[in-house]
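Secondary and tertiary structure notes
Spelled out from the first residue to the last, the chains are:
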Number of protein chains: 2
Amino acid sequence: MTDESWITRFDGLSRLEPRIQEILLSRSTVIDVEAGTVLFGPGRAPQNLLLLLEGTVRVQQTSDTGREVVLYRVTAGESCVLTTACLLAYEDYSAEGVAETDIRAAAIPRHVFDDLIAASKEFRNFVFSAYSKRITDLFHVVEEIAFRRMDIRLAQKLLERAEGDTVKATHQQMAAELGTAREVISRQLSEFQRRDWIEQSRGTIRLTDRAGLEKLAATQG
Amino acid sequence: MTDESWITRFDGLSRLEPRIQEILLSRSTVIDVEAGTVLFGPGRAPQNLLLLLEGTVRVQQTSDTGREVVLYRVTAGESCVLTTACLLAYEDYSAEGVAETDIRAAAIPRHVFDDLIAASKEFRNFVFSAYSKRITDLFHVVEEIAFRRMDIRLAQKLLERAEGDTVKATHQQMAAELGTAREVISRQLSEFQRRDWIEQSRGTIRLTDRAGLEKLAATQG
DNA sequence: GCCGTTCAGTGATCTAGTCACACAAGACCG
DNA sequence: CGGTCTTGTGTGACTAGATCACTGAACGGC
């Protein structure tokens, strides 16, 4: 991918007026960040709006007791808009964003972001619909955590995160996805295994019966 | 309060350029809404940005099993910005906003909102910091639900919602505040009563020992 | 004062989270 | 190759929270 063409990667940006695209390209910089880097978090306020070109960013929350929960992921072609809001005020939030893979992103300085918002209706639409997506993601997380059973949530997560028929994750990592404890995941997975829905080995889970998992994932409650 | 002066009620708006204040006043309408009205929700997309002059709006989520959880409240002097985001896309969210009291609000049509965003840096700051507050509220809700013990959360909620030394709410309503079941609240309150922290009567709870509640509310876990 | 409705109390049972460990699978290394 | 270290997983016992199925108490309106 050439850096000059990255705008085409974003649905909402390719419709921008050419003049605005120009500004976007000339006043942003494409950066590469290594997997595992903390992009923002307590005491690490982001200075730029990031438009993700390659890789994924995981946004998660950590409790004082050490438990974690994944709030949402930003994937290639999406923007990390919530950080723009969190730039402004309320630095006391405890969520953090971590590069889950090596990533490449276009970084737009805050004042350029502000200029673009003022100048372009299309850019405003892009930004506000990105907000919209994140906020509905958060609503969804609240709903899942507050009301949905663990076994159902775990089945959903396995299906969602499977590449081919395998999920590469430790029980601890799955627990962090769902905001629960490792033991809970271990027990649920044992049960799934007993039902011959999965096979387990250290650090990976093979889905041997998607239909079984899908049936559970589709149930209410 | 005269309608002409409502802008002064909003910290972030009183600094607006006079020209912009003019637009805001002339192109918005002050509306009165009765307590209990659903302002937005599934199938009821809001057409305006609301700036709340009097009263409070409760934003909550309902599960298919009938349980509820309060996400946040909008109070006088604040704006209902998340609805602007949700106007745009993703109508499938299940959160709803209810007038908790009789309310008075300035309603700004969507296209005026867009014009103001384009025209005024101060207005942009106002909107983005409102977003910022709501999003950190949501992060906070996730953290509470996922990691905090019920007794602690209930103690906090009682202190937060007390007017004088009484909380006017049924057990069912407190359960909806915290996203739990009524029985859980009943049992926790019995325990608080046993410890002489509260007195109960139908629909009201009197805090007789704030210190006790505060001590519990301050504990971790 | 009666009656219907809304609130609150309670036991039994199930699911989830916590604590304290034991043990197994690789990783590293002499 | 066998030892030891780290990391991941299994398990029992216990506490907290959710669910179900009730009972009875309090209040509102005739």
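Please read these numbers as outputs of a predicted model, since none were measured by experiment.

Structural notes on the domain arrangement of chain A
All names here are of chain A. Taken domain by domain, chain A comprises domain 1 (3–145) and domain 2 (149–218). Here domain 1 and domain 2 have C-alpha centroids that lie 29 Å from each other. Taken together, the 8 residues of domain 1 in the interface contact 10 residues of domain 2. Per-residue buried area on domain 1 facing domain 2 is highest for R67, R73 and E144; these three make up 54% of the total on that side. Between R73 and E177 there is a salt bridge whose closest N-O contact spans 2.5 Å. There are 3 residue pairs in polar contact (both at pLDDT 80 or more) connecting domain 1 and domain 2. Contributions of two or more residues to the side of domain 1 that touches domain 2 are made by β5 (68–75) and α5 (121–147). When residues in the side of domain 1 that touches domain 2 are grouped by element, the largest group, 4 residues, is from β5. Residues of the side of domain 1 that touches domain 2, tallied by class, amount to 3 nonpolar, no polar and 5 charged.

A look at the relation of the copies chain B and chain A
Taken as rigid bodies, chain B and chain A are interconverted by a rotation of 180° and an axial shift of 0.0 Å, the fit giving an RMSD of 0.1 Å. What the superposition gives is, in effect, a two-fold axis relating one chain to the other. Across chain B, the smallest distance between a C-alpha and the rotation axis is recorded for A118(B), namely 2.1 Å. A high fraction, 100%, of the interface residues of chain B reappear at the interface in chain A, so the copies pair face to face through one surface.

Some remarks on the protein's contact with DNA strand C
Around DNA strand C, 17 residues are found, and the nearest of them are R67(A), M150(A), T180(A), R187(B) and R202(B). Per the 4 Å cut-off to the protein, sugar and phosphate atoms form 47% of the nearby atoms of DNA strand C. In this structure, R182(B) approaches DNA strand C through a side-chain N or O atom, which is 2.9 Å from a base oxygen. R202(B) has a polar side-chain atom sitting 2.3 Å from a base oxygen of DNA strand C. Listed by contribution, the elements that provide at least two residues to the surface near DNA strand C are α8 (182–194) of chain A together with α8 (182–194) of chain B. Among the residues forming the surface near DNA strand C, the class breakdown is 2 nonpolar, 6 polar and 9 charged.

Re α5(A)
Along its 27 residues, α5(A) runs 38 Å from first to last C-alpha, staying within 8% of the 39 Å computed at 1.5 Å per residue. The backbone nitrogen of E122(A) lies 3.3 Å from a side-chain oxygen of the residue at the head of α5(A), namely S120(A).

Regarding the sheet that holds strand β6 (residues 95–99) of chain A
Spatially, the 4 strands line up as an open sheet ordered β2-β6-β4-β5 (chain A), and their pairing is antiparallel. For this open sheet the edge positions go to β2 (38–40) and β5 of chain A, each flanked by a neighbour on one side alone. Mean inter-strand twist for the sheet, computed between neighbouring axes without regard to direction, equals 30°. In this structure, β2(A) lies alongside β6(A), joined through 2 bridges in antiparallel fashion. Looking at the pairing, F40(A) lines up with G97(A) of β6(A). Sitting on the sheet, helix α5 (residues 121–147) of chain B is in contact with β4 (56–62), β5 and β6 of chain A, with an inclination near 140° to β5(A).

Considering the sheet that holds strand β5 (residues 68–75) of chain B
In any sheet, the strands associate via hydrogen bonds between backbone groups, in a parallel or an antiparallel arrangement. Residues and elements named next belong to chain B. Reading across from one edge, β2-β6-β4-β5 is the order of the 4 strands in this open sheet, with antiparallel pairing throughout. The outermost strands of the open sheet, each flanked by one partner alone, are β2 (38–40) and β5. Direction aside, the axes of adjacent strands within the sheet are offset by 30° on average. Pairing geometry for strand β4 (residues 56–62) and β5, over 7 bridges, is antiparallel.

Rules behind the numbers
Residues numbered from 1 in each chain as written. Chains lettered and ligands numbered in written order. Predicted model: local features only at pLDDT ≥ 70, side-chain atom pairs only at ≥ 80, totals over all residues. Heavy atoms only, no water. Domains from an automatic or database assignment. Contact = heavy atoms within 4.5 Å. Buried area = accessible area lost by both parts, 1.4 Å probe. Salt bridge = Lys/Arg side-chain N within 4 Å of Asp/Glu carboxyl O. Polar contact = N/O pair within 3.5 Å; in protein donor to acceptor, adjacent residues only side chain to side chain. Helix = DSSP H or I, 4+ residues; strand = E, 2+ residues; numbered from the N terminus. Nonpolar A, V, L, I, M, F, W, Y, C, P; charged D, E, K, R; others polar. Least-squares fit on C-alpha atoms with pLDDT ≥ 70 in both. Near = heavy atom within 4 Å. Expected span 1.5 Å × (residues − 1). Pairing = 2+ DSSP bridges. Axes fitted to C-alpha atoms, helices over the stretch in contact; angles between N-to-C directions.

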